Amino acid sequence: MQEKIKKEENRTVTEKGTKDEMISGIIEIDVHGMNVEEAVKAVAKQVHCAGSSVYRIRVIHGYHGGTRIQRGLREEFSYGRESKVRRIEMGQNEGITELILREF
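Note that residues are indexed from 1 along each chain, following the sequence as it is written. In keeping with the predicted nature of the model, local features appear solely for residues at pLDDT of at least 70, side-chain atom pairs appear and are counted solely at 80 or more, and the whole-chain, interface and lining totals rest on all residues. Remark: hydrogens and water are excluded; side-chain values derive from all non-hydrogen atoms of the structure.

Here's the deal with the overall build of the chain
Move 1: Runs of H or I in DSSP of at least four residues are treated as helices and runs of E of at least two as strands, each being numbered from the N terminus. Secondary structure assignment for the chain yields two helices and seven strands.
Move 2: Its helices and strands in sequence order give the chain the pattern β-β-β-β-α-β-α-β-β, from N to C terminus.
Move 3: Each residue gets one of three labels from its accessible area relative to the maximum for its type: buried under 20%, exposed over 50%, partly exposed in between, using a 1.4 Å probe on protein chains only. When each of the 104 residues of the chain is scored for burial, the buried share is 42%.
Move 4: By the convention used here, residues are in contact when the closest approach between their heavy atoms is within 4.5 Å. Looking at the chain alone, contacts between residues at least 24 apart form 54% of all its contacts between residues at least 6 apart.

Structural data, given as structure tokens:
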């Protein structure tokens, strides 16, 4: 499946409606509406493309339907499975998971 990407200022909006946003060393990616496989793939892409200035990736998945995505992210990126990810933290609410790439 091809994704068309349109760039605006500091924001990238994909055809599917996901938003990736860079805010001072933090990448935010909204995976609402994706299934677990699509969400993990989108986050993995951001992890691999993250430059040295990025220290945190904030994944917004939602609470009710997003718990499956949260479990999928934990399975994929925790316990040293991805060398760039040091640890996983809960975000400001239960609908957010944060991947810590390095200490700030």
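Quick look at helix α2 (residues 67–77)
Move 1: Of all the residues in α2, the buried ones are I69, Q70, G72, L73 and F77. Across the axial projection of α2, the buried residues extend over an arc of 165°, all falling on one side. Exposed positions of α2 whose direction lies more than 90 degrees from the buried face are R68 and E75.
Move 2: Next to the buried residues of α2 lie α1 (36–49), β5 (56–60), β6 (87–90) and β7 (96–100).
Move 3: Once α2 finishes, Y79 follows within two positions and takes phi at roughly 60°, a positive value. What the arc covers is the set of directions going from the helix axis to the C-beta atoms.

So, the pairing of β6
Move 1: We treat two strands as partners when DSSP finds at least two bridges between them. Note: β6 against β7, four bridges, orientation antiparallel. If you follow M90 over to β7, its bridge partner there is T97.
Move 2: The hairpin formed by β6 and β7 contains five residues between the paired strands.

Considerations on the packing of α1 against α2
Move 1: It is at 9 Å that the axes of α1 and α2 come closest, and there the two elements cross at 45°. Between α1 and α2, the angle is such that the two are oblique. Relative to α2, α1 is oriented so that their crossing is right-handed. For the pair α1 and α2, contact is made by V36, A39, V40, V43, A44 and V47 and by R68, I69, G72, L73, E76 and F77, respectively.
Move 2: Residues are grouped as follows: nonpolar covers Ala, Val, Leu, Ile, Met, Phe, Trp, Tyr, Cys and Pro; charged covers Asp, Glu, Lys and Arg; every other residue, Gly included, is treated as polar. Of the residues belonging to the contact of α1 with α2, the class tally is nine nonpolar, one polar and two charged. Between the N-to-C directions of two axes lies an angle of 0 to 180 degrees, each axis being a line fitted to C-alpha atoms and, for a helix, fitted only over the stretch in contact. Oblique is the label for any angle not covered by the other classes, which are roughly parallel (under 35 degrees), roughly antiparallel (over 145) and roughly perpendicular (65 to 115). Two helices crossing with the near one rotated counterclockwise from the far one by less than a right angle form a left-handed crossing, whereas a clockwise rotation gives a right-handed crossing.

Keep in mind these numbers describe shape, not what the thing actually does.
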